[in-house]
Amino acid sequence: MSYSAKFKDHLAHPRNAGELSDATAVADETNPICGDRLRLSLLVKDDRIEAVRYLAYGCPPTLVCGSVLTELISGKTTEEAKQLTRTDLLDAIGGLPSRKHHAAALAIETLNSALRDR
Amino acid sequence: MPARRVYLDNSATTPVDPRVAAAMARAVVENFGNASSVHGFGQQARAAVDRARREVAALIGAKQNEIVFTSGGTEANNLAIRGLCEATATHGRHIITSSIEHPSVAGVCASLEKRGWEVTRLPVYQNGIVKVEDVAAALRPETVLVTIMMANNEIGTIQPVAEIGALVRERRAAGHRHLWFHTDAVQAVGRMRLNVDEIGCDMLTMSAHKLYAPKGIGALYVRRGVRLHGQNVGGHQERERRAGTENVPGIVAFGEAAKLAREEFDARRAHDRALRDKFEKVVVERIPDIVMNGDRELRLAHLSNISFRFIEGEGLLINLDLEGVAVSTGSACSSGTLEPSPVIRALGVDDELARGSIRFSFGKDNTEDEIEYVVEVLVRAVERLRALSPLTLV
């Protein structure tokens, strides 16, 4: 498969990797079929996402979706973050083959789970 | 494109040797005749094909009229298994194979299963090797074929083919007349010294592009006396076993590659082994939480299969590729369905290890300097992916 330059950049240089020690919300979701896993920790203050970190295990699209997602939601209000869809994430990555869309679905699911966790 | 490129995927295919390419280029221009034509042009092409056939036969200790050229290993496996089973169908419909065969063997067996043949798939154990006593126990009066690979393509483990060959011959001598033994030797040819009489096989599959020749040409060794139904029909080529105008340039390339493989066998094997051993030694020293897959001794000298805990193979593969290093992984993820390597799974390891397996396969053109570069890139990539992995959380 050929991946976009942006995809490769995020794979080689993941943004916001790790965990927040002062997180106000944490979500950890696993795709039950393939075992891919994404973990998000958020620091939310006054309904704004002030900091975000992620950890991921799985195929490259899962790793990249986590990284791109953290850039998309950093600094956003929780209401803005809730509006984010799988399509928005796929667009931000520059598209993925349909058989890899599950990676974006896992990322959005984990985000929504974290936003519920607060 | 990365500044530096290192090819460590020689089990997938090998770079074409310039000497092989030169021989092939000459054949394209000079031996354009149809090898079946009676005139001089045809006879010249026929002579080139015959010379190549002698070289390929010599590589495995066969006679030249026992070599059937095909389009590659997959076609040779199809011809061997389906051709033999169709020819022996009135004597029995049972096949014995292993659980770690290449898809071109496993797939043909599965297709025959749908058409009424029974297939016994023998386990391999933690070391990735079939047990001869399991083969003996699986034999039935209606067994017509045992097809077990010489060396595995993912982990390189060498199967006890000579013992299996002896068992099959012994049973045949005792009255089991329609029992035959095929081995897929695609990964072994040129990497191990092979002799079809010592192995005791009735058919043996080869592919030229694993031997520094181009793709599109392979061969099946068929011992004299073995009856096969041709799968390509409509011509008399290859003694009625494979109809179609001969791929003369491909065959010439295969012949040249076989000759070089024989002449340079010892040097190539020592070179590959030295690089592989150096690589493994440094990787073990520098990267914790890894598992080497497959038997440590009974394996091909040019191949190393390693599982890296906490990370997934494809992510590591692409990270290495971004730095110009080419390797392969047996696991694949598609449509949200995980398909960990069936070979690694057959070793009885957990999903995480099966997903994190990477094959490094070395070749005659690799250098020590390249190995040092690969180790540096690998250490960094594994650290980066592990820093990202939630599996490292306690």
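For the structure itself, look to the data block above.
Keep in mind that this is a model prediction, so the values were computed, not measured. (Residues numbered from 1 in each chain as written. Chains lettered and ligands numbered in written order. Predicted model: local features only at pLDDT ≥ 70, side-chain atom pairs only at ≥ 80, totals over all residues.)

**Remarks on the overall build of chain B**
Short version of the rule: Helix and strand definitions here come from DSSP, where helices need a minimum of 4 consecutive H or I residues and strands a minimum of 2 consecutive E residues; each element is numbered from the N-terminal end. In this description the radius of gyration comes from C-alpha coordinates, and the expected globular size is given by 2.2 Å times residues to the power 0.38. Any residue whose C-beta has 12 or fewer other C-beta atoms within 10 Å is treated as exposed, any with 20 or more as buried, and any in between as partly exposed, C-beta atoms being built from the backbone. For every residue pair, C-beta atoms are placed from the backbone, and the pair is scored as a contact if these atoms sit within 7 Å.
The number of helices and strands found in chain B is 13 helices and 14 strands. For 394 residues, the compact-globule estimate of 2.2 N^0.38 gives 21 Å, and the C-alpha radius of gyration of chain B, at 22 Å, lies within 12% of that figure. Across its three principal directions, the C-alpha atoms of chain B cover 70 × 50 × 40 Å. Counting the 394 residues in chain B, one finds 50% classified as buried. Taking contacts inside chain B between residues at least 6 apart in sequence as the whole, the part at least 24 apart equals 73%.

**Comments concerning the interface of chain B and chain A**
What counts, and what does not: Residues are grouped as follows: Ala, Val, Leu, Ile, Met, Phe, Trp, Tyr, Cys and Pro are nonpolar; Asp, Glu, Lys and Arg are charged; every other residue, Gly included, is polar.
Taken together, the 18 residues of chain B in the interface contact 21 residues of chain A. Every element with two or more residues in the side of chain B that touches chain A is listed here: α10 (313-322), β12 (332-334), β13 (337-339) and α13 (368-388) of chain B. Sort the elements by how many residues they give to the side of chain B that touches chain A and α10(B) lands first, with five residues. Classifying every residue of the side of chain B that touches chain A by side-chain character gives eight nonpolar, seven polar and three charged.

**As for the sheet that holds strand β9 (residues 290-292) of chain B**
Residue and element names in this part refer to chain B. Applicable threshold: Here, strands pair whenever DSSP counts at least two bridges between them. Axis angles are defined between N-to-C directions and span 0 to 180 degrees, where every axis is a line fitted to C-alpha atoms and, for a helix, only to the segment in contact.
Here three strands make up an open sheet; going across it, the order is β9-β10-β14 and the pairing antiparallel. Here the strands that pair on one side only, and so sit at the sheet edges, are β9 and β14 (357-361). Each strand axis lies, on average, 25° off the axis of its neighbour in the sheet, ignoring direction. Across three bridges, the pairing between β9 and strand β10 (residues 303-308) is antiparallel. Counted as the bridge partner of M292 is I306 from β10. Docked against the sheet, helix α9 (residues 265-286) engages β9, β10 and β14, running at close to 20° with respect to β10.

**Observations concerning helix α8 (residues 248-263) of chain B**
Selection rule: Here, expected helix span is obtained from the residue count minus one, scaled by 1.5 Å.
Helix length check: α8(B) (16 residues) gives 23 Å between terminal C-alpha atoms against 22 Å at 1.5 Å per residue, within 8%. Within α8(B), 14 of the 16 residues are buried, which leaves the element mostly enclosed by the surrounding structure.

**Focus on unusual backbone geometry**
Backbone geometry places N16(A), a non-glycine residue, at a positive phi of 55°. Inspection of the secondary structure puts N16(A) in the loop between α1 (5-12) and β1 (25-30). Phi angles above zero are rare outside glycine, and D289(B) is one such case at about 55°. Turning to its location among the elements, D289(B) is positioned in the loop between α9 and β9. Judged by C-beta crowding, with 13 C-beta atoms within 10 Å, D289(B) ranks as partly exposed.

**Some words on the environment of L40(A)**
One can find L40(A) in strand β2 (residues 37-45). Once residues within four sequence positions are removed from consideration, L40(A) is found in contact with A27(A), V52(A), Y54(A), T110(A), L111(A) and A114(A).

**Topic: the sheet that holds β2(A)**
Pairing between sheet strands relies on hydrogen bonds along the backbone, with the strands arranged either parallel or antiparallel. Residue and element names in this part refer to chain A. Strands sit in the order β1-β2-β3 across an open sheet of three strands; the sheet is antiparallel. With one partner strand each, in any of the chains shown, β1 and β3 (48-57) form the two edges of the open sheet. Across the sheet, the mean angle separating the axes of adjacent strands is 15° when strand polarity is ignored. On the sheet, helix α2 (residues 60-73) packs against β2 and β3 and is oriented at approximately 175° with respect to β3.

Interpretation note: all reported values are geometric properties and have no functional meaning in isolation.
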